[in-house]
Amino acid sequence: MPKILIAFLSFFIFFKGITMVHAEEEKHDVAILAGGCFWCMEPPFDKLEGVISTVVGYTGGHTKNPTYEGTSSGETGHYEAIKVTYDPSKVSFKEILDVFWRNVDPFDATGQFCDKGSQYRAAIFYLTKEQQETALASKEDIETLLEREVVTEVIPASDFYDAEEYHKEYYLKNPIRYKFYRYNCGRDKRLTEIFKK
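Residues numbered from 1 in each chain as written. Predicted model: local features only at pLDDT ≥ 70, side-chain atom pairs only at ≥ 80, totals over all residues. Heavy atoms only, no water.

Caption draft 1: Region of interest: unusual backbone geometry. Positive phi values are uncommon outside glycine, yet Asn65 reaches one of about 50°. Relative to the assigned elements, Asn65 resides in the loop between strand E2 (51-59) and helix H3 (68-72). One non-glycine residue, Glu147, lies in positive phi territory at about 55°. Following the sequence through the fold, Glu147 ends up in the loop between helix H5 (129-146) and strand E7 (153-156). (Helix = DSSP H or I, 4+ residues; strand = E, 2+ residues; numbered from the N terminus.)

In structure tokens, the structure reads:
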């Protein structure tokens, strides 16, 4: 086989490999969810197969480049939220929502657990029409399961701002403080009460 043909085939295989890698990267989808303290929303998604990454941040408000101090005071209009990047060939948006519902109090319109205020409300932020439809259907399902009206919002996504570095993966960086906060906030106790069925 002529050397030029071998070189061409080698380049073609190399280029195709790059294309396939990019094609794989393009299959990632994003879910944006709010469930009270964003420290507590990372762990359940980090261990879910098919989830590539989670990032805590702020969304849904009117202030550009919000800070934790501004958001926690309620001044920015933002929710504490989490951005979940996932591989839809391994986990569906519906499955992401199944995990979401098991980690929020869907009946509290004033916040979540010990954290009260608009910044701590639960919400699903949809990025596409398909996500909106899936979220609304999922909300109906959870209402049927729990036999009660759910107040969790399903709203259009807006700009998502990453939180400060010290908030990211807080449960891994500060495991003792995280567990102490979570226990004192009554999160697990309340979740057990809601889903005791």
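So that's the structure; there's more coming.
Caption draft 2: Local environment of helix H8 (residues 187-194). All buried positions along H8 are accounted for by Arg187, Leu191 and Ile194. Along the axis of H8, the buried residues cluster in a sector spanning 60°; they form a single face. In H8, the exposed positions that point more than 90 degrees away from the buried face belong to Lys189 and Thr192. Next to the buried residues of H8 lie strand E1 (29-35), H5 and helix H7 (175-185). (Buried < 20%, exposed > 50% of the residue type's maximum accessible area, 1.4 Å probe, protein only. Arc of directions from axis to C-beta. Contact = heavy atoms within 4.5 Å.)

Caption draft 3: Highlighting the state of the cysteines. Counting across every chain of the model gives 1 disulfide. Two residues share a disulfide in this structure: Cys114 and Cys185, whose sulfurs sit 1.9 Å from each other. With the S-S bond torsion at -105°, the cross-link from Cys114 to Cys185 turns out left-handed. With a gap of 71 residues between them, Cys114 in the loop between strand E4 (111-112) and strand E5 (115-116) and Cys185 in helix H7 connect regions that are remote in the sequence. Left without a disulfide partner, Cys37 is nearest to the cysteine sulfur of Cys40, which lies 4.4 Å away. Among the residues examined, Cys40 registers a relative accessible area of 0% and is labelled buried. (Disulfide = S-S within 2.5 Å.)

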